[in-house]
Structures are given as structure tokens and as C-alpha cells.
Amino acid sequence: MFSFLWFLIIGGIIGWLAGAILGRDIPGGVVGNIIAGIIGAWIGGKLLGQWGWKVSDFYVFPALIGALIFVFILSLLLKSIRK
């Protein structure tokens, strides 16, 4: 139970950091941040592997880099849809 809760908290923090670094808002608020962090961890794990600090099944640096990639692509897609 607590590991799942930590999984959601760390995913939200990673998603929030990615949005803050890029200066972009993630749609969906807290839930959007959690989803961005989890998807970012998956992308980072596939592209960069597993290295660095591990917190609650997240390798922090690959997850953050993956979340940055995901938030950037998502913001480009949403921007093109709104035009």
C-alpha cells in the first residue's frame, strides 16, 4: 500500500519538475503531473536505461529526462491542436 502511494507521490513530483523546468503547464493538474511522471519514467527507462538514484521504483534522472521529453512533445501537440 505504501509503495503504491510513494509511486504516485514521486511520479507527481517528477511530472511537476518537468513542467516547471520547461515552463509549461501540464493539463489535468496533480493527476496530469502524476501521469507525466510515470510516462516519463517509462520513456527515460527505455531510452536511457537504469542509472542514478532509485526512489520508489523510479530512477530519478532518466525519469526526469523522460518526463521532460514527454511534456515537451505533449505541449507541442496541444499547441498544434489549439490552432
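All values derive from a computational prediction rather than experimental measurement.

Side note on the nonpolar core
Thought 1: Counting ten residues, the largest nonpolar core is built from Ile-10, Ile-14, Ala-18, Ile-26, Ala-36, Phe-58, Ala-63, Leu-64, Ala-67 and Val-71.
Thought 2: Secondary structure elements with two or more residues in this core: helix H1 (2-22) and helix H3 (60-82).
Thought 3: When residues in this core are grouped by element, the largest group, four residues, is from H3.
Thought 4: Residues in contact with Ala-67, not counting those within four places in the same chain, are Ile-14, Ala-18, Ala-36 and Gly-40.

With respect to H1
Thought 1: Over its 21 residues, H1 runs 30 Å from end to end, which matches the ideal 30 Å to within 8%, given 1.5 Å per residue.
Thought 2: Listed in full, the buried residues belonging to H1 are Ile-10, Gly-11, Gly-12, Ile-14, Gly-15, Ala-18 and Gly-19.
Thought 3: At the exit of H1 stands Gly-23, carrying a positive phi of roughly 75°.

Focus: the packing of aromatic side chains
Thought 1: Under the counting rule described, the total for this entry stands at two aromatic pairs.
Thought 2: Look at Trp-51 and Phe-61: their rings are 5.8 Å apart centre to centre, the planes differ by 15°, and that puts the pair in the stacked class. Of this pair, Trp-51 sits in the loop between helix H2 (29-48) and strand E1 (54-55) while Phe-61 sits in helix H3; the two residues are ten residues apart in sequence, bridging distant segments of the chain.
Thought 3: Overall, the relative accessible area of 40% leaves Trp-51 in the partly exposed class.
Thought 4: With relative accessibility at 35%, the residue Phe-61 sits in the partly exposed group.
Thought 5: An aromatic cluster of three or more residues is present, and its members are Trp-51, Trp-53 and Phe-61.

Observations regarding a nonpolar patch on the surface
Thought 1: Together, Leu-47, Leu-48, Trp-51, Trp-53, Val-55, Phe-61, Ile-65, Ile-69, Phe-72, Ile-73, Leu-76 and Leu-77 make up an exposed nonpolar region whose accessible area comes to about 1,100 Å².
Thought 2: Mapped by element, the contributors of at least two residues to the nonpolar patch are H2 and H3.
Thought 3: Element by element, the count of residues in the nonpolar patch is highest for H3, at seven residues.
Thought 4: Residue class for Ile-73 comes out partly exposed when judged on its relative accessible area of 44%.

Thoughts on the UniProt feature "transmembrane region" (unreviewed entry) in the chain
Thought 1: Annotation from UniProt places "transmembrane region" (unreviewed entry) at residues 6-23, 30-53 and 59-78.
Thought 2: Measuring from the first to the last C-alpha atom of residues 30-53 gives 23 Å, for a span that is 79% helix and 0% strand.
Thought 3: The distance from the first to the last C-alpha atom of residues 59-78 is 28 Å, and the span holds 95% helix and 5% strand.

Rules of the game
- Each residue is numbered by its place in its chain's sequence as written, counting from 1.
- Thresholds applied to this predicted model are a pLDDT of at least 70 for local features of residues and 80 or more for the giving and counting of side-chain atom pairs; totals over whole chains, interfaces and linings are not thresholded and use all residues.
- Only hydrogens and water are removed before side-chain values are computed, so all heavy atoms of the structure are retained for them.
- In plain words, nonpolar cores are sets of buried Ala, Val, Leu, Ile, Met, Phe, Trp, Tyr and Cys residues tied together by side-chain atoms within 4.5 Å.
- For every residue, the accessible area (1.4 Å probe, protein chains only) is compared with the maximum for its type, and the residue is labelled buried under 20%, exposed over 50%, or partly exposed between those bounds.
- Secondary structure follows DSSP: runs of H or I at least 4 residues long count as helices, runs of E at least 2 residues long count as strands, and numbering of each begins at the N terminus.
- Contacts: residue pairs with any heavy atoms within 4.5 Å of one another.
- Any helix carries an expected span of 1.5 Å times its number of residues minus one.
- Note on ring pairs: Phe, Tyr and Trp rings are taken, using the six-membered ring of Trp, and paired if centres are within 6.5 Å. Classes follow the plane angle, with under 30 degrees stacked, over 60 edge-to-face and the rest tilted.
- Residues enter patches when they are more than 30% accessible in relative terms and free of salt bridges; like-charged ones are connected within 9 Å and nonpolar ones (Val, Leu, Ile, Met, Phe, Trp, Tyr) within 5 Å.
- Throughout, the Shrake-Rupley method with a 1.4 Å probe supplies accessible areas, and for residues the shown protein chains are the sole cover considered.
- Salt bridge criterion: a side-chain nitrogen from Lys or Arg within 4 Å of a carboxyl oxygen from Asp or Glu.
- UniProt positions are given in the numbering used here, feature names are shortened, and annotations may be inferred rather than shown by experiment.

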